[in-house]
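# Close look at the chain arrangement
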Amino acid sequence: MTLDPMMPRKVLFIGDSITDCDRLRPVGEGVMGTPLGTGYVALVAALLTARRPTHRQRIVNMGVSGDTVRGLAARWQSDVLAIAPDHVVIMIGINDVWRAFSRTNWGDWQIGPEEYRETLTRLVTETRAAGIGVSVAGPFFIEPDRTEPMRARMDAYAAIASGVAAEQGLGFIDVQAAFDHVLEALHPMALAPDRVHPALAGHMIIAEAVIAGLFGAL
């Protein structure tokens, strides 16, 4: 399912630091300065304006650095449902996966695959019940070696996100596939020194994948 860029619609993006990117608080919205942050959400808005200058999308960024799917659930009412968007794009998972590899990997800090699946499913279900459309963007790790432990775990969580989207009949944006295509020619360090937080080119890769997933060809 793709959205018509000419239909008036408030599209809200929610996720972790990759979405946040120093967006405006309390609500990341506006056109002057960098209210949408400096990452892919701002690029999505810019691409829409450049390619479809008469588009009628209202873009909102509600990313929060450090969030896991558990963090999203804790603020879902205030940061999504209370804002009443027409459509939500969820991209979450890097912190859920990273915690398994952190030196501070305490049990109660972990987000296992079942909690990830169950929480994401609940958020999607609650949102759709409120009459809000949903798209799921898969989490990613900027590493081409699929046998590398964190990449392998990330692929498992991305598969869960894809499965939730399929079960709910939602659009799924395969961000990892977009990065994998570019990684055929570039080393990960060219896109993100820590393989997690992209430089601007990496954010453009995400933005183009999101645009294609939401609106098709512009």
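Relevant structure appears above.
The sections below set out a description of the structure shown in this document. Since the model is a prediction, treat every value here as computed from it, not as a measurement.

For the rest of this paragraph, the subject is the overall build of the protein chain. Scanning the protein chain for helices and strands turns up 8 helices and 5 strands. Ordering the α and β elements of the protein chain from the N terminus gives β-α-α-β-α-β-α-α-β-α-β-α-α. Here the C-alpha atoms of the protein chain give a radius of gyration of 16 Å, agreeing with the 17 Å that 2.2 N^0.38 yields for 218 residues. Considered along the principal axes of its C-alpha atoms, the protein chain spans approximately 45 × 40 × 30 Å. The buried share of the protein chain, taken over its 218 residues, is 51%. In the protein chain, of all internal contacts separated by at least 6 residues, the share reaching a separation of at least 24 is 76%. Approximately 9,600 Å² of the protein chain is accessible, and the part contributed by carbon and sulfur atoms is 57%. Considering the protein chain, the positive charge centre built from 19 side chains and the negative charge centre built from 24 side chains are found 5 Å apart.

Of note, Asn-61 is situated in strand E2 (residues 57–61). A distance of 3.4 Å separates the side chain of Asn-61 from the backbone oxygen of Asp-20, its partner in a polar contact. Separated by 2.9 Å, the side chain of Asn-61 and the backbone nitrogen of Gly-63 make a polar contact. Residue contacts for Asn-61: discarding those within four places in its chain leaves Phe-13, Thr-19, Asp-20, Arg-23, Gly-28, Leu-36 and Val-41.

Positionally, Gln-57 belongs in strand E2. Within the structure, the side chain of Gln-57 is placed 2.9 Å from the backbone oxygen of Pro-5, a separation counted as a polar contact. Once residues within four sequence positions are removed from consideration, Gln-57 is found in contact with Asp-4, Pro-5, Met-6, Met-7, Arg-9, Val-11, Leu-48 and Phe-215.

This next bit is on the pairing of E2. Successive side chains on a regular strand alternate, one facing one side of the sheet and the next facing the other. Within E2, 4 of the 5 residues are buried, leaving the element largely enclosed by the surrounding structure. Sheet analysis places strand E1 (residues 9–15) next to E2, joined by 5 bridges and oriented parallel. In the sheet register, Leu-12 faces E2, and the bridge partner there is Val-60.

The final tally for this structure, using the stated rule, is 12 salt bridges. The salt bridge partner of Arg-75 is Asp-67, with a shortest N-O separation of 2.6 Å. You'll find Arg-75 and Asp-67 in the same group, each marked buried. A salt bridge links Arg-75 to Asp-79; its shortest N-O distance comes to 2.8 Å. A residue pair is termed a helical-turn pair when its members lie 3 or 4 positions apart in one helix, as Arg-75 and Asp-79 do in helix H3 (residues 69–79) at 4 residues. Using a relative accessible area of 11% as the deciding quantity, one classes Arg-75 as buried.

Reading the values: the criteria
Residues numbered from 1 in each chain as written. Predicted model: local features only at pLDDT ≥ 70, side-chain atom pairs only at ≥ 80, totals over all residues. Heavy atoms only, no water. Helix = DSSP H or I, 4+ residues; strand = E, 2+ residues; numbered from the N terminus. Rg over C-alpha atoms; globule rule 2.2 N^0.38 Å. Buried < 20%, exposed > 50% of the residue type's maximum accessible area, 1.4 Å probe, protein only. Contact = heavy atoms within 4.5 Å. Areas by Shrake-Rupley, 256 points an atom, 1.4 Å probe, with all protein chains shown as cover. Lys, Arg positive; Asp, Glu negative; His and termini not counted. Charge placed at Lys NZ, Arg CZ, Asp CG, Glu CD. Polar contact = N/O pair within 3.5 Å; in protein donor to acceptor, adjacent residues only side chain to side chain. Pairing = 2+ DSSP bridges. Salt bridge = Lys/Arg side-chain N within 4 Å of Asp/Glu carboxyl O.

Purely spatial values, then, with no claim about function.
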